[in-house]
Amino acid sequence: MGEIASVAQAVIAALDWNSSAETRHSASVFLDSIKSGDVRVLAATSFELVKPNWSSEIRHYGFKLLQHLVRLRWEELHSEERLQFVEMVAAMVCEVAKPHEVWVLKSQTAALFAEVARRELPLWEKLLSTIFSLRTKSPIHAEMVAMVLRWLPEDITVHNEDLEGDRRRQLVRSLKDSLPYIFDQLHMLFGQYLGATVNAVEQNQMDVAKQNAATVTAALNAVNAYAEWVPVPLLGNSHLTDVCGHLLRYREFRLIACEFFKMIALRRRPSDETLLDFDSTMACSFDIVMNSARDFLENSASGISCLDDSEVEFAECICLTMVALGCNNLQCIAGHEERLSLYLLEMLGFLQHPKFALHFESLPLWLFLLRGSSSNLKTNEQVEGSRSSLISGTNSTAVFIDKEKKGMTIRISDDFCGIILDVAFQRMLKKNPTIGLTLSNNSLEIWSDDFASKSDFGQYRGKLIELIRLIGAQQPVIAASRISQRIEGMINLYLVGSIPSQDLAVLEGTQLALDTTISAIFDGASYAVNISSPAVHHTLHTILGGILQRLCSLNWTEPAQVEIIGRLLDAMGPYLKHFPEAVGSIINKLFDLLKLLPVIQKGHTQDLMAVSMSRARLQICTSFIRIAQAAATSLLPHMEQIAGIMARLEVDGQLRQSEHNLLGEAFLIMASAAGSEQQQKILAWLLEPISKQWLQMEWQTKYLSEPMGLVHLLTRGPNTSENELMWYIFHTITFYERALKRCGSKKTPHCTSQESSVIDMDSAYVHPLASHLSWMLPPLLKVLRCIHSLWSQAIVQALPVEMRAALLMSPAEQSGLLGEVAPKSKGMVAGDGSQLDFSRPQNMESKENEIRNWLKGVRDSGYILLGLATGIGDQFYNCVDSDSLVVALLENIEAMHFRHIRQLIHSVLTPFVKTCPTICWGAWLGIFLPRLLGHCQKSLIDSWSSLIWKGRANVPDCCGDGSAPDLKAEVMEEKILRDLTRETCGLLAALASPGANKSLPSSEQIEQLNRMESSPLIDTEKIASESLIGFLFKHNDGAVPALQICLKAFSWPDSEAVAKVVLFCGSVVMFAVSTNNIELQQFVAKDLFEAVIQGLTLESNAMIHAELISLCREIFIQLSTRHLARQVLLSQLSVTPDALSAFENALLKTSSAKEQKQHMKSLLLSAAGSQLKALLAQKNTKVITNVTLTAARSLQHTSESTLDEGDTIGLAAVNTAF
C-alpha cells in the first residue's frame, strides 16, 4: 500500500504546476519507471489507483495507465491474466454507474472497456452481450452502454501506429458484423430514454430528466462516431437519420443531432451499386435539415431581437451543415426541382440574414456554386451540347449535369445574383458609427473586431470581392446595374446629409465594389464570351457611361471628397479600354479636381487640412497611373493634351515635383503601349528638367562630400532652400526607380534563374534608360554613401538630437516586426505614393519623423534602383566603377543595422549575383562577396550565440532604444536576426543556382559517369572558371566565410535558412567531387557532414529532414574521402562497425537514390534516434484518417464534471498524457 501511496503522491506532484520544475521532473521519471516496469505491478497499481477512495485526478491517471497497458503491453500478460483483467474491467463499468460519479471518469471507464474489447476480439460478442445487458438497469447504466458504443470504433476513425494491419482488418470486420446489433441497441436507447426524459420534464422531475437526457446525449455521441465511417446507405436503412432528425426539435439535443447530419454531408458520393441508396439517404438528410432551416428563417423574419444565443448557435450549425451538403452532395437532389430551389432560397436567406455569423457561414456555398458555373463560362455548348444535358430549371436556377465528368453546374438566376451583389456591397466595410445610417435595416450586423475569431477582415472581404468578381464575369449587365444603383444611392444619401460629410467610409467601400465589378466585367476571357452581343455591349455602355457621367457631375470640393472621386474615377479604367470615347471626360475631370486644391509647398506648416489637400492631390495623380494601366492604348490620343496641361500647371507653380513624378510615371505607362521609340522620347522629355539640377556639382560638393554636409541638409528648417533641395533629391531618386520599373524588358533582375538575365543581356535590345545611367548613378552613390555613414560611431556622436532619434526604428516599423497593426498614420504622403509616418499626433511637425521618412524613402528607392539597373546588362557595368559602388554600399557595413543589410542583400546584391556577366565576376563579385560575407559571418555567429545561450539576440537595431518593453524588444531583435540570416543564406543559394553554375555537373550526371566503364574526363578548369561556385573557391577570402556560415547555420533553429544553405552545400559537394579537390572533400566529409547531422538534432528542421538526409547521402556516396564520413558516423553517432558494414552493403545493392536515402535515414535513426529530433518529430506524427472533432463531442451538460479531457479524446490521448 505504501508503494501505491508513493505513486499517488507522484501523480499529484507531476500535475501540480506550483511544484518546482525539479519536483515535477522527478515525479515524471518515477511514473515512467512504473509504466515501463513489471507489467503485473503496473496492472495492480493501476487498479488500485482507480478506486473511489482516491481523488479524481489520481483516478483519471490510473485509467490512463490501464489504457496504456492494454494498448502497448497486453501481450505480456498470460491468457488467464488477460481473462481476469477483462472481468475486472467489466465489473468496473457497473461500479462507476453511479449518480454522482464524475463524467470524465465514466468516459475513461467506457474507453477502457472498448480498448479491451478491441484487444480481445475472440471475446468480442461475449463482451458486447455483457455490456448490452446493462441497458435496462438504470439511465446511468444505459449511459455507460452508449459511451462504450461510442469508443468501440475509435481505432477506425483515429489512426494509431501500434495497430497492425491484420488487427485493424479484424476490428473492422467485427464492427461491421455487429453494426445491426449496435444500431438496434442505440434505437432502443433513444426510444426508452427520450420518452422518459420528456415524461420526467412534464412531471417536473428534473433530476430524473437530467439522468435520462445524459443517456440520450451519450447515444447521440455514439451515433456520431459511426456517422464518420459507416456506409451512408446503412445509416439510412437503420433509420438513424430519422431519429436524429426528430431530435433536432429538442433544444437539449439539437446541436449534437445536427453534427450527425454535418458528418453525413461530408461523405463522398459513391459510384457503385449503392449510389441510389446513398442519394436517397442524402436527399432525406437535405429534407430534414432544410425543414429546420425553414423554421428558423420564418421565426427570425419578424426581427432578430427575439433570437437568443442558443437559437443563433443552432442556426449556425444548420447553415454549416447545409453548406457541406451543397458543396459535397448537391447532385443527390439535382433531379428534384422544387427541393433544389427551396435549398437555394434558404441558403440565400442565410446569406442575407442580419446575424453576421449566419451570413459568414453561408459564403462558401455561394462561392462554390459560382466558381463551378464560372468554369463553364467559355461556351454555352459546354452545358447545352452533347456532353451535357438540362436536368431541371426554374425561375431561380438552372441545373446541368456534365455526363463526361459527372459534375454539375448550377446557373444562378438574375434575381439571385442581384441579391448576392447587394449583400456583398452592403457588408464591404468594418463597423462604423455612421454606417448604420446608410442601411435599410439598422439591426444588420457587419464585420467588427468582435468577429475576429471567425476570420481576418481582409480574408472575409476577399470572399465578398470574389463573389462580386464571379457574378460580374458571368452576369455583366446585372453587375453593372446593381453597382450603378449602389453608387447613385450612396451619393444621394451623402448629398441629403444622411452621411456626415467628414465620414466617407461608405463611399470608400463603394469604390472597392466598383473597382471589383468593373474589373470583373471587362476581364479578358469572360468579356469575350458575355459581351459578344451588340445589345449587351450597348447596355453596358449606357449603364457604365451613366456612372461616369454622374461622377463627373459631382461638385465636391473638400479634400477627402476629391480623394474619393479620384478613386471612383480610376476604378473606371477597364471601361475606358473598351469605350475610349469616354477618356476625355475623365482626364478633364481629374485635372479640374487637381486645380481645385491649392498647392501646399513642402516645408510649410503641415496642419490637418494641408495634409488632407496633399493626400488628395497625390491621389488624383495616382489615378492617372491606374487609368493608364487599365485603359491600355485608349489614352494615346490624349497624351499631347495631358502634356500641355502639365506644362501649364508647372509654369503656374501648380504642380509639385512629387505630383510631376506620378504623372510622369503615368506617361511612361502610356508610352509603353506606343512602342519603344515613343517611350524613349517621353523618357527624355521627363528626365531633361530633372537632370539639370541633378548634375550640378555645387550641391553635390556642398552636401555630399562628407556626412556632416548631408546632416546640415536634413536638419535645416522649413521654408529654406536646403529643405527644398532635400525633397528634390528624394523625389528625383524615387522617380528614377519608378521609371526603371516602367521601362524596358518584361524580365527583371529578380528573375529566378541566371538564364533569363543572360538572354536579356545578350540580345540586341537596349534598355530605354541605359544611356542615362552614366549621369543618374554617380550622385545616387554619393547620397547612399553619406546615408550609410550616419550610423558610424564617429558620426553618430556628433549628430543633433533629432537626427539621432531619426536613426532609430519608428513605431510603425516596430509594429511591423511584431506583427501588430501599425499605428494609423495621418502624415504626408511621399512622392512614391507611400504613407509617411506621423504616428505621434503631438509631433505632427516633428523634424525627426521627416528625416526618418526621407532616409527610409531614399534608401529603399536607391537600393531598388541599383538592383533593377544590374539587369540592364553591359551598360550598367560600363558606366559604373566597381570601387565606387563598393565604397558607397559597403564602406560602413560594420555600422549598418541588420535590417538595412538584409535590405541591401535582397534589393541589390542578390540581383547583382544573378545578373553579373561572367567576364565581370573578378572585378565585381571578387570585391563585393568577401567584404559582405565576412561581415555577415561574424555578425550572425555572434548574434545567434547570444540568442541561444543568453536568450536575447545581439543585434544593433534595437540597442539603446528604450521605446519598446523588454519582451517586445527581444521579439523584434530575434525577428531582425532571422530575417538577415535567411537573406544571407538566400544569397548563398543564389550563388549555387543552376543558371550560375551551368558547367557544374549534377549529382545524377556524376553517378552516371561513375557507372560507365570508361567515363569521359570532367573539364575541371572549365568548372572552376565558368561556375559561380568555382569562382568563389578561387577566392578563399569569400569561400571561407561562406562555408563558416553554412556550418553554423545547421546549429541555428531556423529551418527556412537551413533549407537555403542546403542548396549551397549541395553545389559545394558537387564541386568538390567534380574538381577532385581533396582539401575541400575532406572538409565536406568531416566538418560539413558533422554539421548536417547536427542539424537533424533540431526539431525545427523536421519539415526539411528529407533535404538533410539527401545531403548526407550525397556526401557519403559521392566523395572519395568516405573514410572520414565513416569516422563521423562511428564517433559522433556511435554507429557500430557491423551496422555501418550492413549499411554500406545495402547501398551497394541499389542504385535508387530514394532507397539509398531511406537506408541513410534508417541508419541514423537506429544509431541516435533519440537525439535526431528532426526525424523523431516526423516519426511521431499521427495521421488522422477520418475524424471530425466538433464542439458537440465536448458539450457540457449537467452530468459532466468541470474536469476536461483536453484536446485529444480518450485513447487518442494515451501517448500525450504522461
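Note that residues are indexed from 1 along each chain, following the sequence as it is written. Only residues with pLDDT of at least 70 get local features here, since the model is predicted, and only at 80 or more are side-chain atom pairs given and counted; chain-wide, interface and lining totals rely on the full set of residues. Each side-chain value is worked out from all heavy atoms of the structure, with water and hydrogens disregarded.

Participant: Explain the overall build of the chain here, please?
Facilitator: Working definition: helices are DSSP H or I runs of at least four residues, strands are E runs of at least two. Numbering for both runs from the N terminus. Broken down by element type, the chain carries 57 helices and 3 strands. Within the chain, buried positions represent 56% of all 1218 residues. In the chain, the share of contacts with a sequence separation of at least 24, taken over all contacts with a separation of at least 6, comes to 75%. Using the Shrake-Rupley algorithm and a 1.4 Å probe, accessible areas are obtained, with residue cover drawn only from the displayed protein chains. Of the roughly 51,200 Å² of accessible surface on the chain, a fraction of 52% belongs to carbon and sulfur atoms. Whether a residue is buried, partly exposed or exposed follows from its accessible area with a 1.4 Å probe, protein chains only, as a fraction of its type maximum: under 20%, in between, or over 50%, in that order. By definition, residues are in contact when any of their heavy atoms lie within 4.5 Å.

Participant: Looking at this structure, I do not really get the packing of aromatic side chains. What am I missing?
Facilitator: Each aromatic ring pair is summarised here by two numbers: the centre-to-centre distance and the angle between the ring planes. Stacked, tilted and edge-to-face pairs are distinguished by plane angle, under 30 degrees for stacked and over 60 for edge-to-face with tilted covering the rest, among Phe, Tyr and Trp rings (Trp via its six-membered ring) whose centres lie within 6.5 Å. Evaluation of the coordinates by the stated rule reveals 34 aromatic pairs. Their ring planes at 45 degrees and their centres at 5.7 Å tell us that W694 and W699 sit as a pair that is tilted. For the pair shown, W694 and W699 are each scored as buried. Seen in terms of ring centroids, Y736 and W775 are 5.9 Å apart; in terms of plane orientation they differ by 80 degrees. Their pairing is edge-to-face.

Participant: Help me understand the pattern of salt bridges, please; the structure alone is not making it clear to me.
Facilitator: Take a side-chain nitrogen of Lys or Arg and a carboxyl oxygen of Asp or Glu: if they are within 4 Å of each other, that pair is a salt bridge. Under the definition given, this model contains 49 salt bridges. Here R82 and E120 are joined by a salt bridge, their closest N and O atoms 3.3 Å apart. With R82 in helix 5 (residues 79–96) and E120 in the loop between helix 6 (103–119) and helix 7 (124–132), the pair connects residues that are 38 residues apart, well separated along the chain. Residue E120 is classed as buried on the basis of its relative accessible area, which comes to 13%. Between E1056 and K1060 there is a salt bridge, and its shortest N-O distance comes to 4.0 Å.

Participant: Whenever I open this one, the packing of helix 8 (residues 139–151) against helix 11 (residues 206–227) confuses me. Can you help?
Facilitator: Helix packing geometry: the angle between the two helix axes and the distance between the axes. Here, axes are lines fitted to C-alpha atoms. For helices the fit covers the stretch in contact, and angles between N-to-C directions go from 0 to 180 degrees. Here helix 8 crosses helix 11 at 10 degrees, and the two axes come no closer than 8 Å. Relative to helix 11, the element helix 8 is oriented roughly parallel. Our pair here, helix 8 against helix 11, has a crossing hand that is left-handed. Contacts between helix 8 and helix 11 involve P139, A142, E143, A146, M147, L149 and R150 from the first element and Q211, N212, A214, T215, A218, A219, N221, A222, A225 and Y226 from the second. Residue composition of the contact of helix 8 with helix 11, grouped by class: 11 nonpolar, 4 polar and 2 charged. Here roughly perpendicular refers to angles of 65 to 115 degrees, roughly parallel to angles under 35, roughly antiparallel to angles over 145, and oblique to all remaining angles. Helix crossings are classified by the rotation of the near helix relative to the far one: an anticlockwise turn of less than a right angle makes the crossing left-handed, while a clockwise turn makes it right-handed. Side-chain classes follow a simple rule in which Ala, Val, Leu, Ile, Met, Phe, Trp, Tyr, Cys and Pro form the nonpolar group, Asp, Glu, Lys and Arg form the charged group, and the remainder, Gly included, forms the polar group.

Participant: Could you clarify how one ought to interpret unusual backbone geometry in this entry?
Facilitator: Residues other than glycine predominantly adopt negative phi, and peptide bonds predominantly adopt the trans conformation. With a phi angle near 60 degrees, N204 is a residue other than glycine that sits in the positive phi range. For N204, the position within the fold is in the loop between helix 10 (165–202) and helix 11. Backbone geometry at N1076 places phi at a positive 55 degrees, although glycine is not the residue there. Mapped onto the fold, N1076 is located in the loop between helix 51 (1055–1075) and helix 52 (1078–1095).

Participant: Before we go on, may I ask you to explain helix 35 (residues 721–742) in this structure?
Facilitator: Along an α-helix, residues three or four positions apart point the same way, because every turn accommodates 3.6 residues. The span you would expect from a helix comes to 1.5 Å times its residue count less one. A rise of 1.5 Å per residue sets the reference length of helix 35, with its 22 residues, at 32 Å; its end C-alpha atoms lie 31 Å apart and thus fit the reference within 8%. Here helix 35 lies mainly inside the structure; 17 of its 22 residues are buried.

Participant: What is the right way to look at the confidence of the model for the chain in this model?
Facilitator: Predicted coordinates in regions of low pLDDT should not be interpreted in detail. Confidence scores per residue from the predictor, reported as pLDDT, run from 0 to 100. Overall, the prediction assigns the chain a mean pLDDT of 83, with 83% of residues at 70 or greater. pLDDT under 50 marks residues 401–406. Its contacts with residues more than four places away, or in other chains, come to 16 contacts. Scored below 50 in pLDDT, residues 1179–1218 makes 87 contacts in the model with residues more than four places away or belonging to other chains.

Participant: So what exactly am I meant to see when it comes to the side chain of S946 here?
Facilitator: Residue position: S946 is located in helix 45 (residues 921–950). Here R952 takes part through its backbone oxygen, which lies 2.6 Å from a polar atom of the side chain of S946. Not counting residues within four places of it along the chain, the set of residues in contact with S946 comprises G951, R952, A953 and N954. Counting of polar contacts relies on pairs of N or O atoms within 3.5 Å, with two restrictions inside protein: one atom must be capable of donating a hydrogen and the other of accepting it, and residues adjacent in sequence are counted only when both atoms are side-chain atoms.

Participant: Is there a simple way to think about the nonpolar core in this case?
Facilitator: Generally speaking, nonpolar side chains in soluble globular proteins are found buried as a group. By nonpolar core we mean a set of buried residues, namely Ala, Val, Leu, Ile, Met, Phe, Trp, Tyr and Cys, connected to one another through side-chain atoms within 4.5 Å. One finds F85, L152, W366, W854 and F1050 to be the most contacted residues of the largest nonpolar core, which totals 395 residues. The contact partners of W854, leaving out residues within four places of it in the chain, are L710, L714, M726, W727, I729, F730, V783 and I787.

Participant: Explain the environment of A1042 here, please?
Facilitator: Looking at where A1042 falls in the secondary structure, it is placed in helix 50 (residues 1036–1049). Of the residues examined, A1042 reaches a relative accessible area of 0% and is grouped as buried. For the pair formed by A1042 and V1061, sequence separation is 19 residues and the distance between their alpha carbons is 9.7 Å. If we skip the residues at most four places from it in the chain, A1042 touches L933, L988, L1032 and F1064.

Participant: Explanation requested: the environment of R119 in the structure shown.
Facilitator: As for its placement among the helices and strands, R119 is situated in helix 6. Each C-alpha atom, one on R119 and one on L171, is 8.9 Å from the other, the two residues being 52 residues apart in sequence. In this structure the side chain of R119 is engaged in a polar contact, spanning 3.5 Å, whose partner is the side chain of E75.

Participant: Which parts of the structure should I look at to understand the packing of helix 50 against helix 51?
Facilitator: Contact geometry for helix 50 and helix 51: axes closest at 10 Å, N-to-C directions at 130 degrees. Put simply, helix 50 runs oblique to helix 51. The element helix 50 and its partner helix 51 pack so that their crossing is left-handed. Between helix 50 and helix 51, the residues in contact are A1042, L1043, C1046 and A1049 and V1058, V1061, F1064, C1065 and V1068, respectively.

Participant: How should the environment of L275 be read in this particular structure?
Facilitator: Turning to its location among the elements, L275 is positioned in helix 15 (residues 275–300). Owing to a relative accessible area of 25%, L275 belongs among the partly exposed residues under this scheme. Residues L275 and V232, 43 residues apart in the sequence, show an inter-C-alpha distance of 9.8 Å. Not counting residues within four places of it along the chain, the set of residues in contact with L275 comprises R269 and P270.

Participant: Looking at this structure, how should I read the state of the cysteines?
Facilitator: Each disulfide consists of a covalent bond between the sulfur atoms of two cysteine residues. When two cysteine sulfur atoms are found within 2.5 Å, that pair is recorded as a disulfide. Scanning the entire structure with this criterion turns up 0 disulfides. Between C319, a cysteine without a disulfide, and C317, which holds the nearest cysteine sulfur, the sulfur-to-sulfur distance is 9.9 Å.

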